[in-house]
Amino acid sequence: MILRGRGGVWILVGVFALVVLIAPFVTLIAVTPWRHFAFSPGDWAAVRVSVFYTLGALLIIVAFGTPLAWWLARARFRGQLAVEALVLLPLITPPLAMGILLASLFGPAGPAGALAGRLGWWLTNTPSAFILAQVYAAAPYYIVTARAAFEGVPREYEEIAWTLGDSLTRSFLRITLPSALLGLVAAVALAWVRALGEFGIVLIIAYFPQGIPVKLWVNLQNLGLAGVYPLLWIFFIVALPLPLVLGLLSRRGTRVPR
Amino acid sequence: MKIRYRIRRPVRLAIRCTLAQSTALVGPSGAGKTTLLRALAGLVPAHGEPWAGLAVQKRPVGYLPQGTILFPHLNVWQNVAYALCGKRHERRRRAVSLLEQMGLRSLAERRATTLSGGQARRVALARALAREPRLLLLDEPTTGLDPLSRRQVLELLAELEERHGPRVLAATHDPVLAMRAERLLVLERGRIVQAGPPEVVYRRPATLEAAQILGITNLLPVTIQRHLGEREADWAMVEIAPEVRLLAPWPSWARPGIDAWLLVHPEHAQVFPGSRAEHRGIDARVVRVTRIGASAQVSCRLGSSLLEVLHPLFHSTWLPAPGARVALEMAPADVHLLPRSPADSSACPG
């Protein structure tokens, strides 16, 4: 008997929590019109938009977020706490409000938007706007997680590498990055999921091109629930592989005997 | 090799010392031993000679911090080859040959995370040596190891010295490592308070802390009474207890009337049956007797202090029993006075 002893109560509570968590997804299986399963016009275009632009956003987040995360993990300076709070600001702002703020800055009348517009670069309702919205949605998650990963790498490793002749950049590439890899992989997976699923910010500044979340909303408006379920299945199929593969890889990594 | 360093943070240090082929750096915890090593490696800003203006990467030093030190994502030979340049197979060949020289060939393909503490430390030494440094900085190289691993690391360091490898500066709490070095530096209150061959420092430590770091506990509180000048030596008459007096070499900081510590090493005191009336010594009571091979360690109580005496059993068949009254004798040239209050020791010969 598994549930013998006082631990049984906690296992029951845990199982209950799990059931509550997965109940909506079990419902999805039940309510999907499997016999008349059909995609709406524009669904596949939305999938393409979501996948390619999210990959683009991910590249930008990793390229700029990684140095920032490393700096926050390593540097000790006055006002560090303030910088850390600033990084979290987009994360704690309600997505709709964040979208409005971005529209105020990058919209045609906003300072950054007007400047870019003069160069013929429009930052609302364009692929650039879509990517911009996703960057703001996912970057804080990436930076916070990556920072924790870097903090897990003992400083001594880098110092030894320097005494062995490595420059700062070289020690980062040869020591810090490989040692923090598992955590960074988790950060990328988290950022991918966050960016792919972002609705609020995208809705405000990039209604077009339509990615999966906005298209789900449009389908709901135009076609009702029947238009939502097929696209939702596609969303899961698109979103899950990356975190799953990365998760498996990192789990294999941690299983190495220490 | 001379070192002249001034460090402000994290510990304020003003260091002037000379390094021998092998040098041990001892001092109380927090005195700045690690800081000095890190400053020499270029990891802590410092002013002085040598290399103070040089970047970490350009300094001809190897540095081994305390604790876990191998890169965990590399295997053993990749760790050793870390500083080597060239093609992969060439780096591997050189790393493996270095491991072979150090008797670690069999570990070459192992993952760094699967080694024992002692193995990891020896591999880390090989990694530092691969770059052919002029000075090897070791932070507590034998701390936290099991006795066998500790001996292997000590052996490796001894071999390094015999092969005229790089100079070694090791910060340590390990008395064996300290006593094996060619030169011993005592770091205290931000500077080197004593430097010299370990035997000399052990025999005549300059301060109470230096004595304690070397594991010396045979200290009696005394009062210096007067100065006795003779033709070739100056002597101090010290009082251990009312009417119990001894002679000791007169230290330069001594003044009549001040308190001091009297140090007598266990091997320099002798214990005799009976009381001092029959001998020239001082009265004591035996507390404990521990036989160690061909000698016995006799703990004697003198007033409020305990004194250990190493009593050889080759010649005498007499072994003092706990509780027995005995007389202790020590030659005036074998005892040593240490300043008793911290203020006194600043006048010590460094």
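Structure: see above.
S.K.: I'd like a rundown of the environment of Val 244 of chain B, residues and numbers included.
M.R.: Structurally, Val 244 of chain B is set in strand β12 (residues 244–249). C-alpha of Val 244 of chain B to C-alpha of Gly 293 of chain B: the two residues are 49 residues apart in sequence and 33 Å apart in space.

S.K.: Could you give me a rundown of the sheet that holds strand β16 (residues 295–302) of chain B, with the residues and numbers involved?
M.R.: Residue and element names in this part refer to chain B. Taken together, the five strands give an open sheet; going across it, the order is β14-β18-β15-β16-β17, and neighbouring strands pair in antiparallel fashion. The open sheet has two edge strands with one neighbour each: β14 (269–273) and β17 (305–312). Going across the sheet, the axis of each strand differs from the next one's by a mean of 45°, ignoring polarity. Direction of pairing for strand β15 (residues 282–292) relative to strand β18 (residues 325–330): antiparallel, over a ladder of four bridges. Across the sheet, Ile 282 pairs through a bridge with Leu 328, a residue of β18.

S.K.: Break down unusual backbone geometry for me, citing the residues and quoting the values.
M.R.: The omega angle of the peptide bond from Arg 9 of chain B to Pro 10 of chain B is 0°, so this bond is cis rather than trans. Residue placement: Pro 10 of chain B occurs in the loop between β1 (2–7) and β2 (13–18). Going from Glu 49 of chain B to Pro 50 of chain B, the amide bond is cis rather than trans, its omega being -10°. One non-glycine residue, Asn 125 of chain A, lies in the positive phi region at around 55°. Its relative accessible area of 42% is what places Asn 125 of chain A among the partly exposed residues. Positioned with a positive phi, Glu 132 of chain B is a non-glycine residue whose angle comes to about 50°. Structurally, the position occupied by Glu 132 of chain B is in the loop between α4 (117–129) and β6 (135–139).

S.K.: Explain the packing of helix α2 (residues 43–74) of chain A against helix α10 (residues 212–223) of chain A residue by residue, including any values.
M.R.: Residues and elements named next belong to chain A. Their axes nearest at 8 Å, the elements α2 and α10 cross at an angle of 155°. In terms of orientation, α2 and α10 fall into the roughly antiparallel class. For the pair formed by α2 and α10, the contact residues are Asp 43, Ala 46, Val 47 and Ser 50 on the first element and Ile 212, Pro 213, Lys 215 and Asn 219 on the second. In the contact of α2 with α10, the residues fall into four nonpolar, two polar and two charged.

S.K.: Mind laying out the packing of helix α6 (residues 127–151) of chain A against helix α8 (residues 168–197) of chain A, listing which residues take part and the relevant values?
M.R.: Residue and element names in this part refer to chain A. In contact at an axis separation of 8 Å, α6 and α8 are set at 145° when each is read in the N-to-C sense. The hand of the α6/α8 crossing is right-handed. Across the contact of α6 with α8, the residue classes tally to 17 nonpolar, four polar and one charged.

S.K.: Give me a nonpolar patch on the surface: which residues, what numbers.
M.R.: All names here are of chain A. A grouping of Leu 86, Leu 88, Leu 89, Leu 91, Ile 92 and Val 144 is seen on the molecular surface, where their side chains present a nonpolar patch of about 520 Å² in accessible area. Its location among the elements puts Val 144 in helix α6. For Val 144, a relative accessible area of 38% corresponds to the partly exposed category.

S.K.: So what's going on with the side chain of Gln 80 of chain A? Which residues, and what values?
M.R.: All names here are of chain A. If you trace the backbone, Gln 80 turns up in helix α3 (residues 80–92). According to the relative accessible area criterion, Gln 80 is buried, its value standing at 9%. Excluding anything up to four places from it in sequence, Gln 80 contacts Leu 72 and Ala 75.

S.K.: Give a description of the interface of chain A and chain B that names residues and reports values.
M.R.: Chain A puts 20 residues into the contact, and the matching count from chain B is 23 residues. At the boundary of chain A with chain B, total buried surface from both sides reaches about 1900 Å², with 63% on carbon and sulfur atoms. When the buried area of chain A at its contact with chain B is split by residue, Tyr 157, Thr 163 and Leu 164 of chain A rank highest and sum to 35% of it. At the junction of chain A with chain B, the criterion picks out one salt bridge. Among the ionic pairs, Glu 159 of chain A bridges to Arg 38 of chain B, the shortest N-O distance being 2.7 Å. There are six residue pairs in polar contact (both at pLDDT 80 or more) connecting chain A and chain B. Looking at the side of chain A that touches chain B, the elements with two or more residues in it are α7 (155–163) and α8 of chain A. No other element matches α7 of chain A, which puts seven residues into the side of chain A that touches chain B.

S.K.: If you had to explain the sheet that holds β1 of chain B to someone new, which residues and values would you point to?
M.R.: Residue and element names in this part refer to chain B. The strand order β2-β1-β4 describes an open sheet built from three strands, whose pairing is antiparallel. The outermost strands of the open sheet, each flanked by one partner alone, are β2 and β4 (47–49). Averaged over neighbouring strand pairs, the angle between their axes works out to 0° when direction is ignored. Pairing geometry for β1 and β2, over six bridges, is antiparallel. When the sheet's bridge partners are listed, Tyr 5 is paired in β2 with Ile 15.

S.K.: Can you break down the pairing of strand β9 (residues 191–196) of chain B residue by residue, with the values?
M.R.: Residue and element names in this part refer to chain B. Sheet topology places strand β8 (residues 183–188) next to β9; five bridges connect them, and they run antiparallel. Looking across to β9, one finds that Val 186 is bridged to Gln 194. Hairpin connection, β8 to β9: the antiparallel pair is bridged by two residues, and Arg 189 has positive phi, about 45°.

S.K.: Residue-level account of the nonpolar core, with values.
M.R.: Tyr 142 of chain A together with Phe 71, Leu 99 and Val 123 of chain B are the most contacted members of the largest nonpolar core, which totals 85 residues. The element contributing the most residues to this core is α8 of chain A, with 12 residues. In this structure Phe 71 of chain B touches Tyr 157, Ile 160, Ala 161, Leu 164 and Ile 175 of chain A together with Asn 79, Tyr 82, Ala 112 and Arg 127 of chain B, once residues within four positions along its chain are discounted. Counting 31 residues, the second-largest nonpolar core is a separate cluster that includes Ala 236, Ala 269, Cys 300 and Leu 302 of chain B.

S.K.: How would you summarise the pattern of salt bridges if you had to cite specific residues and measurements?
M.R.: Tallying each qualifying case throughout the model produces 18 salt bridges over all chains. For the salt bridge of Arg 174 of chain A with Asp 166 of chain A, the shortest nitrogen-to-oxygen distance reads 3.1 Å. The closest approach of N and O atoms between Glu 243 of chain B and Arg 245 of chain B, which form a salt bridge, is 3.9 Å. With a relative accessible area of 55%, Glu 243 of chain B lands in the exposed category. Via salt bridges that share partners, Glu 84, Arg 147 and Glu 151 of chain A belong to a single interconnected network.

S.K.: Describe helix α1 (residues 33–41) of chain B, and please don't skip the residues or the numbers.
M.R.: Residue and element names in this part refer to chain B. Counting buried positions along α1 yields eight of nine residues, so the element is predominantly enclosed. When α1 is considered as a whole, its buried residues turn out to be Lys 33, Thr 35, Leu 36, Leu 37, Arg 38, Ala 39, Leu 40 and Ala 41. One or two steps after α1, the chain reaches Gly 42, where phi turns positive at roughly 95°.

Calculation rules
- Residues numbered from 1 in each chain as written.
- Chains lettered and ligands numbered in written order.
- Predicted model: local features only at pLDDT ≥ 70, side-chain atom pairs only at ≥ 80, totals over all residues.
- Heavy atoms only, no water.
- Helix = DSSP H or I, 4+ residues; strand = E, 2+ residues; numbered from the N terminus.
- Pairing = 2+ DSSP bridges.
- Axes fitted to C-alpha atoms, helices over the stretch in contact; angles between N-to-C directions.
- Buried < 20%, exposed > 50% of the residue type's maximum accessible area, 1.4 Å probe, protein only.
- Parallel < 35°, antiparallel > 145°, perpendicular 65-115°, else oblique.
- Contact = heavy atoms within 4.5 Å.
- Nonpolar A, V, L, I, M, F, W, Y, C, P; charged D, E, K, R; others polar.
- Left-handed = near helix turned anticlockwise from the far one by under 90°.
- Patch = residues over 30% accessible without salt bridge, like charges linked within 9 Å, V, L, I, M, F, W, Y side chains within 5 Å.
- Areas by Shrake-Rupley, 256 points an atom, 1.4 Å probe, with all protein chains shown as cover.
- Salt bridge = Lys/Arg side-chain N within 4 Å of Asp/Glu carboxyl O.
- Buried area = accessible area lost by both parts, 1.4 Å probe.
- Polar contact = N/O pair within 3.5 Å; in protein donor to acceptor, adjacent residues only side chain to side chain.
- Core = buried A, V, L, I, M, F, W, Y, C linked by side-chain atoms within 4.5 Å.

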